[in-house]
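# Examination of the molecular architecture
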Amino acid sequence: MTTPRPTLNQLEMLGDFIRRHIGPSPEQTREMLAELGLSDLEQIIDQALPADILNTEPLKLTETISENAVIKHLRKIRERNKVFTSLIGMGYYDTVMPAVIKRNMLENPGWYTAYTPYQAEVSQGRLEALLNFQQMVIDLTGMEIANASLLDEATAAAEAMTMARRLSRSTSPTVFVDQDCHPQTIAVVQTRARSLGYRVIVGDPYQGLDTHDFFTIIVQYPGSQGEIRDLHEIVGIARQKSALVTVAADLLSLVLLKPPAAFGADIVVGSAQRFGVPMGYGGPHAAFFATKDEYKRSMPGRIIGVSKDSHGQIALRMALQTREQHIRRDKATSNICTSQVLLAVIAGFYAVYHGADGLRMIAGRVHRYAQILAAGLTLMGHEVVNRCYFDTIVVRVPNRAKRIAAQAMEATINLRVIDPDHLGISLDETTTRNTIRAVWQVFAAPAAEFPDINRLHKTIEECIPDDLLRADPILRHPVFARYHSETEMMRYMRRLARRDIALDRSMIPLGSCTMKLNAATEMQSLSYHEFNGLHPFAPLYQTLGYQQMFAELEDMLCDLTGFDAFSLQPNAGSQGEYTGLLVIRKYHEVSGQGQRNVCLIPASAHGTNPASAVLAGLKVVVVACDDNGNVSLDDLKAKLDEHRDTVAALMITYPSTHGVFEEAFRTLCDLVHAYGGQVYLDGANFNALVGLSRPGRLGADVAHLNLHKTFSIPHGGGGPGVGPIGVGAHLAPYLPDHPVVKGVNPNKGRYGTVGTVAAAPWGSASIYTISWAYIAMMGAAGLKKATLTAILNANYIAKRLAPHYPILYTGKNGWVAHECIIDCRAFKHACGITVEDIAKRLIDFGFHAPTVSFPVPETLMIEPTESESKAEIDRFCDALIAIRGEIAEIEAGRADPENNVLKHAPHTHRLLFEDWALPYSRQQAFFPGNHQQDDKYWPPVGRIDNVYGDRHVVCTCPPMEDYQ
Ligand SMILES: *Cc1c(COP(=O)(O)O)cnc(C)c1O
């Protein structure tokens, strides 16, 4: 007997992760290849891909490392990050994520691998969690309606500005921004205003405001430097000018303070970060956005609303979706698609777990410590500038700000240096007596005696006057009172998670959204304090680990895409689009071609494309597609001719949103360049190209990548996401920079950059570790294999389904790329069955539906990704084929067109309480195709009435009596 001798690679466990990430076993891969008439994965390249897009140069990413080695390497990187006590404030505060939430939610794939809740019946858990978030925001701001999160506070303020433009009757082109807003908020608003042609005045709104004319004003409450001011007068002046008032507010302070609504604010925005979400060196966090009921249809982002299901029971869904870019395109209210669901859910749970009393305790403690700190500093002879504050004070230290801040760093404390004479100090939930003493120590003369904290606590008086304090109760809904013990909380989160279909239950075959594995090893570093404990404005010498990781990730992405530089700032694909288009505009301006303002976009494009183009100040011109779904070369030529002097860019998705590799990609690029335009590539479908093709070398000038699609960052139920952009060398100088952290764009030249597009310098920094780990473990060979397997899986599905459903578009040799569209239009005509019926019937089989009606109405777009095994894919195909059989029964007149198993889908347990009156068996209703007999997914609600929900928009938690 001999023991098997491992190969050298096996000795080091190299490539082990590749076979864990890729779903099909070698045997299954062979079977699927055989089904398609091939014997080797590499043959797919010749079969499916146009020869002229293939990369011929070797990649630098030759190495792979094992899962163990990645964790070790990340540990080394994290040691280079130094976590100081952060008292910088400016919108980011240390906080405590309750362990019960961390373990059962943040680290639970049932929550983080879920998709955006378009299929509401299989998303009731996270919809309830988001409704809690909205209720919390409504309670704390006092406003009438809130959305289910935006990307960050600064972009939320920019969204408020554009919403105000739509609503205000003022003809003024001016936005007035409070100089005491956070600097990153001012910068992002300025960037957005510039491209839309608005004028920005940054000034003091408490002096001479009536001498200005403006259509909207944005004020910070409390101010970035801590002062709490009465907003009545500002609101009064704004009213006279028909201007809308946006208040950027701190959520924790609102627990104690008079809410912005009480002053008459029109819009309230802010960050929910300090509700249990770590700073993470900038993100991801959920921003909130609240407004008046009358403005709800103009509101950006997603809103969760209450409707009813087919049994008349309460059921939740996303409301008013017709406002969204998917439908409204260049007339959309904003370009937001992916937002920050996971983080909003955490913040909502934080409020549920603490309840009103708990939050009051936390806010009260932070505020009391701030007063004690200030009183002590005053006793020690320092001048505290603020009169009325919540958690932030400014200390006047003539000419000594830098020196004292340096002393503070010696004591591992970061303070905010406002100018040479002023330091800012912001306290938070983690502040203790020791923090206060340590700060005093920094400010003290060497042998000074410290004040007695207990005595100060007893003697100092409240600095906030009564009329700025909150009088009304908050969080009165029972959900905020029920789950305060850890047992109850754990069970509540588990109960909600069970209602949803996420990747931990079955495949989510969403075309264009690439729902692949989010491996446990990739997620590990999210739990490391050295990654999530850093303030985004911490001095760079404390964040060397992050700097190293960014540099390595940028190198990897350049290598894979063929671009020369990357910006990690945009925190969603839509934001990458907007940023990339700004970069193109800036390039034209610098080249003396500032008149170029037309963006050509194919008819098949994702709705964010036209919406982003409008935000970037471009005029959208649609280019037609031909019968095969490809961009029509004739129409492109015609449009280029028509706009020959004004064409700024062609925005194109490759492979196309129709799931095929167009043959003419290079021709399209050459053509656009010949007319002086730039090519923007929407990289959402990059999973079909990684390791095979480098768009930066094919003629694309800019592309965004959705790292939450192609590079393994989980969807989180609708965010976080990140949309970094890659550019050619000629565009690198214009990539975003940041007003607080210098050096974000090292290529910045004398013409400046496009400005700032997100609150944090490197966007959602903490989740970049996920993509970094994914690429490191896969290496060039693994990534290429993943891409080929994704294409194989999609073509195998197309092959299996083709006899039952027409495949709408195919490319070379009848092959699709990494996704395929099945055409269901004929069913509607023949027997009234819609694509929605099919989507809902899939729920009875335990599956989440594919992408519905995008990019073509009444079709399903299926993308399996490389992570799904043949067994799972077969199970899914079997379900769709069985459903096709059920449709055939209706077509043949053997089943009723209205009263049938598709129209009644999904079938819930409630049917079991009634006499069975349906014309088919319980078995067919609940256990079709003998699926999941031992492990049935029971949808918690029946089909949801969308029309009812949009007519009666309710976006708060329904009273408990309404359940039953
Ligand atoms: C997902 C997607 C986008 C938008 O990306 P977000 O991260 O959701 O903002 C844009 N284009 C296409 C083709 C997409 O699939």
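Residues numbered from 1 in each chain as written. Predicted model: local features only at pLDDT ≥ 70, side-chain atom pairs only at ≥ 80, totals over all residues. Heavy atoms only, no water.

Here we take up the packing of aromatic side chains. Each aromatic ring pair is summarised here by two numbers: the centre-to-centre distance and the angle between the ring planes. Overall, the coordinates contain 28 aromatic pairs when judged by the stated rule. On the numbers, 6.3 Å between centres and 40 degrees between planes, the contact of Phe686 with Phe711 is tilted. Here the residue Phe686 occupies a position in the loop between β20 (678-682) and β21 (702-704), and Phe711 occupies one in the loop between β21 and β22 (725-727), the gap between them amounting to 25 residues. What makes Phe711 buried here is its relative accessible area of 0%. Here Phe847 and Phe876 contribute two aromatic rings whose centre-to-centre distance is 5.3 Å and whose plane-to-plane angle is 80 degrees, an arrangement assigned as edge-to-face. (Phe/Tyr/Trp six-rings, centres within 6.5 Å; stacked < 30°, edge-to-face > 60°. Helix = DSSP H or I, 4+ residues; strand = E, 2+ residues; numbered from the N terminus. Buried < 20%, exposed > 50% of the residue type's maximum accessible area, 1.4 Å probe, protein only.)

Moving on to a negative patch on the surface. Together, Asp210, Asp230, Glu233, Glu462, Asp466 and Asp467 make up a negatively charged patch on the protein surface. Residue classification places Asp466 among the exposed residues on the basis of a relative accessible area of 67%. (Patch = residues over 30% accessible without salt bridge, like charges linked within 9 Å, V, L, I, M, F, W, Y side chains within 5 Å. Areas by Shrake-Rupley, 256 points an atom, 1.4 Å probe, with all protein chains shown as cover. Salt bridge = Lys/Arg side-chain N within 4 Å of Asp/Glu carboxyl O. Lys, Arg positive; Asp, Glu negative; His and termini not counted. Charge placed at Lys NZ, Arg CZ, Asp CG, Glu CD.)

Near the ligand there are 14 residues, and of these Thr338, Ser512, Gly573, Asp682 and Lys709 occur at the shortest range. The separation between an oxygen atom of the ligand and a polar side-chain atom of Thr338 is 2.6 Å. About the coverage of the ligand: the protein hides 99% of its 380 Å² of free accessible area. Per element, the largest residue contribution to the shell around the ligand is 3 residues, and it comes from helix α24 (residues 573-590). Across the shell around the ligand, the residue classes tally to 3 nonpolar, 8 polar and 3 charged. (Near = heavy atom within 4 Å. Polar contact = N/O pair within 3.5 Å; in protein donor to acceptor, adjacent residues only side chain to side chain. Nonpolar A, V, L, I, M, F, W, Y, C, P; charged D, E, K, R; others polar.)

Glancing now at the pairing of strand β19 (residues 647-653). Most of β19 sits out of view: 7 of its 7 residues are buried. With 3 bridges joining them, strand β17 (residues 598-602) and β19 adopt parallel strand pairing. Bridging across to β19, Val598 finds its partner in Val647. By the bridge criterion, 5 bridges tie β19 to β20 in an arrangement that is parallel. (Pairing = 2+ DSSP bridges.)

Within this structure's numbering, the places UniProt gives as "modified residue: N6-(pyridoxal phosphate)lysine" (unreviewed entry) are Lys709. Structurally, the position occupied by Lys709 is in the loop between β21 and β22. Sequence-distant contacts of Lys709, that is, excluding residues within four places in its chain, are made with Ser512, Cys513, Thr514, Lys516, Ala684 and His715. In this structure the side chain of Lys709 is engaged in a polar contact, spanning 3.4 Å, whose partner is the backbone oxygen of Ser512. (UniProt positions renumbered as here; feature names shortened; annotations may be inferred. Contact = heavy atoms within 4.5 Å.)

On to the sheet that holds strand β2 (residues 145-146). Taken together, the 7 strands give an open sheet; going across it, the order is β2-β8-β7-β6-β5-β3-β4, and neighbouring strands pair in mixed fashion. Each of the sheet's edge strands pairs with one partner strand only, and the pair in question is β2 and β4 (199-203). Here strand β3 (residues 174-178) pairs with β4 via 5 bridges, running parallel. When the sheet's bridge partners are listed, Asp178 is paired in β4 with Gly203. Across the sheet, helix α9 (residues 153-167) is in contact with β3, β5 (216-221), β6 (244-249), β7 (267-271) and β8 (287-291); its angle to β8 comes to roughly 25 degrees. (Axes fitted to C-alpha atoms, helices over the stretch in contact; angles between N-to-C directions.)

One can find Leu707 in the loop between β21 and β22. According to the relative accessible area criterion, Leu707 is buried, its value standing at 0%. When the C-alpha atoms of Leu707 and Ala156 are compared, they prove to be 22 Å apart, with 551 residues separating the residues in sequence.

For the structure on display, the rule yields 39 salt bridges. For Glu121, the salt bridge identified is with Lys840, shortest N-O distance 2.8 Å. Taken together, the positions of Glu121 in the loop between α7 (109-112) and α8 (124-141) and Lys840 in helix α30 (residues 835-844) put the pair 719 residues apart, joining distant regions of the chain. Looking at Lys840, the relative accessible area reads 5%, which means it is buried. Put simply, Arg239 and Asp266 hold a salt bridge, and the shortest N to O gap is 3.4 Å. Residue Arg239 is found in helix α11 (residues 232-240), and its partner Asp266 is found in the loop between α13 (260-263) and β7; the two are separated by 27 residues along the sequence. When its relative accessible area of 1% is taken as the criterion, Asp266 is described as buried.

Those residues of helix α17 (residues 433-443) that sit buried are Thr435, Ile436, Val439, Trp440, Val442 and Phe443. The arc that holds every buried residue of α17, seen down its axis, measures 155 degrees, which confines them to one face. Opposite the packed face of α17, turned more than 90 degrees from it, sit the exposed residues Asn434 and Gln441. (Arc of directions from axis to C-beta.)

Annotation from UniProt places "domain: Glycine dehydrogenase C-terminal" (unreviewed entry) at residues 786-907. Between the first and last C-alpha atoms of residues 786-907 the distance is 36 Å; the span itself is 45% helix and 8% strand.

Attention now moves to the sheet that holds β21. The sheet built from 7 strands is open, its strands ordered β16-β22-β21-β20-β19-β17-β18 with mixed pairing. Of all the strands in the sheet, the pair left with one neighbour each is β16 (565-567) and β18 (619-623). With direction set aside, neighbouring strand axes in the sheet form an average angle of 25 degrees. Judged from the 3 bridges that link them, β16 and β22 form a sheet pairing that is antiparallel. From the neighbouring strand, Ala565 faces β22, where its bridge partner is Val727. Helix α26 (residues 633-642) contacts β17, β18 and β19 of the sheet and is inclined by roughly 150 degrees relative to β18.

Okay, helix α16 (residues 401-410) next. Listed as buried for α16 are Ala401, Ile404, Ala405 and Ala408. Angularly, the buried residues of α16 cover 100 degrees about the axis, an arc narrow enough to put them on a single face. Turned more than 90 degrees off the buried face of α16, the exposed positions are Lys402, Arg403 and Glu410. The inward-facing, buried residues of α16 abut β13 (413-414), β14 (416-419), β15 (422-426) and α17.

The next subject is the nonpolar core. For soluble globular proteins, the rule of thumb is that nonpolar side chains tend to be buried together. Counting 263 residues, the largest nonpolar core has Met136, Phe349, Ile425 and Phe443 as the members making the most contacts within it. The element best represented in this core is helix α15 (residues 341-379), accounting for 24 residues. Ranked by size, the runner-up nonpolar core spans 33 residues in total, among them Ile186, Ala193, Ile267 and Ala319. (Core = buried A, V, L, I, M, F, W, Y, C linked by side-chain atoms within 4.5 Å.)

Throughout the structure, instances matching the rule amount to 8 cavities of 30 Å³ or more. Its volume calculated, the largest cavity comes out at about 190 Å³. If you go around the largest cavity, you meet 19 residues; those closest to its centre are Leu106, Pro284, Leu343, Leu526 and Ser766. Among the elements that take part in the lining of the largest cavity, α15 stands out by supplying 3 residues, more than any other. (1 Å grid on protein atoms, 1.4 Å probe; cavity = no way out; pocket = protein on both sides within 12 Å on 5 of 7 lines; lining within 4 Å. Points joined across faces, edges and corners; volume = space filled by probe spheres on them.)

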